[in-house]
Amino acid sequence: MCYRRPVATTRPFTDLVQQRVATDAAFAEALLLEGIETMLSGDVETGKPTLRGYIKATVGFEKLGEASGTRPKSLIRMFGPRGNPQAKNLFRVIGYLQKRAGLKLRVVVGS
């Protein structure tokens, strides 16, 4: 006789992140900073999905496209698994995201 345990229903991780960003400003800021710092440290493959999650949970790709002058589909590809963002596009996006979040980011040597 085979017993089946009920399968726990879970929400996708991205849904949890989006909910947390919507309800916790400190978490949202930390997620943005983590995504940017990760990319600046050279780990683009981890930084892209982090920023993608932040974008989806906050401004969305449509509005970001309008603000940055980049087509939303291009932005989605840029932050997707095979995306290879050009520096000018990436910095334009980061500039808009930091301004929208009320942050002023800067690079500090050392630490």
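Up top is the structure these notes are about.
Just so you know, these numbers come straight off a predicted model, no measurement behind them.

**Looking at the environment of Val-59**
So, point 1. Here Val-59 lies in the loop between helix H3 (44-57) and helix H4 (61-68).
So, point 2. The exposure class assigned to Val-59 is buried, which follows from its relative accessible area of 10%.
So, point 3. C-alpha separation for the pair Val-59 and Arg-92, spaced 33 residues apart in sequence, amounts to 14 Å.

**Here we look at the pattern of salt bridges**
So, point 1. Here the structure, examined in full by the defined rule, presents two salt bridges.
So, point 2. Glu-45 is paired through a salt bridge with Lys-48; the nearest N and O atoms lie 3.5 Å apart. Here Glu-45 and its partner Lys-48 are both found in helix H3, three residues apart, which amounts to about one turn of the helix.
So, point 3. Residue Lys-48 is classed as buried on the basis of its relative accessible area of 1%.

**Some words on the nonpolar core**
So, point 1. Counting residues in each nonpolar core, the largest one holds 23 residues, and the members touching the most others are Leu-32, Ile-55, Leu-64, Phe-79, Val-93 and Leu-97.
So, point 2. Secondary-structure elements contributing two or more residues to this core are helix H1 (13-23), helix H2 (25-40), H3, H4, helix H5 (72-78) and helix H6 (87-101).
So, point 3. With sequence-adjacent residues up to four places away left out, Leu-32 is seen in contact with Leu-51, Tyr-54, Leu-97, Gln-98, Ala-101 and Leu-103.

**Some points on the side chain of Asn-89**
So, point 1. Tracing the backbone through its elements, the reader meets Asn-89 in helix H6.
So, point 2. Apart from the residues within four sequence positions on either side, Asn-89 is in contact with Thr-70 and Met-78.

**Side note on a nonpolar patch on the surface**
So, point 1. On the surface, Leu-40, Phe-91 and Val-107 cluster together into a nonpolar patch covering about 350 Å² of accessible area.
So, point 2. When you line up the elements, Leu-40 lands in helix H2.
So, point 3. Residue Leu-40 is classed as exposed on the basis of its relative accessible area, which comes to 54%.

Calculation notes
- Residues numbered from 1 in each chain as written.
- Predicted model: local features only at pLDDT ≥ 70, side-chain atom pairs only at ≥ 80, totals over all residues.
- Heavy atoms only, no water.
- Helix = DSSP H or I, 4+ residues; strand = E, 2+ residues; numbered from the N terminus.
- Buried < 20%, exposed > 50% of the residue type's maximum accessible area, 1.4 Å probe, protein only.
- Salt bridge = Lys/Arg side-chain N within 4 Å of Asp/Glu carboxyl O.
- Core = buried A, V, L, I, M, F, W, Y, C linked by side-chain atoms within 4.5 Å.
- Contact = heavy atoms within 4.5 Å.
- Patch = residues over 30% accessible without salt bridge, like charges linked within 9 Å, V, L, I, M, F, W, Y side chains within 5 Å.
- Areas by Shrake-Rupley, 256 points an atom, 1.4 Å probe, with all protein chains shown as cover.

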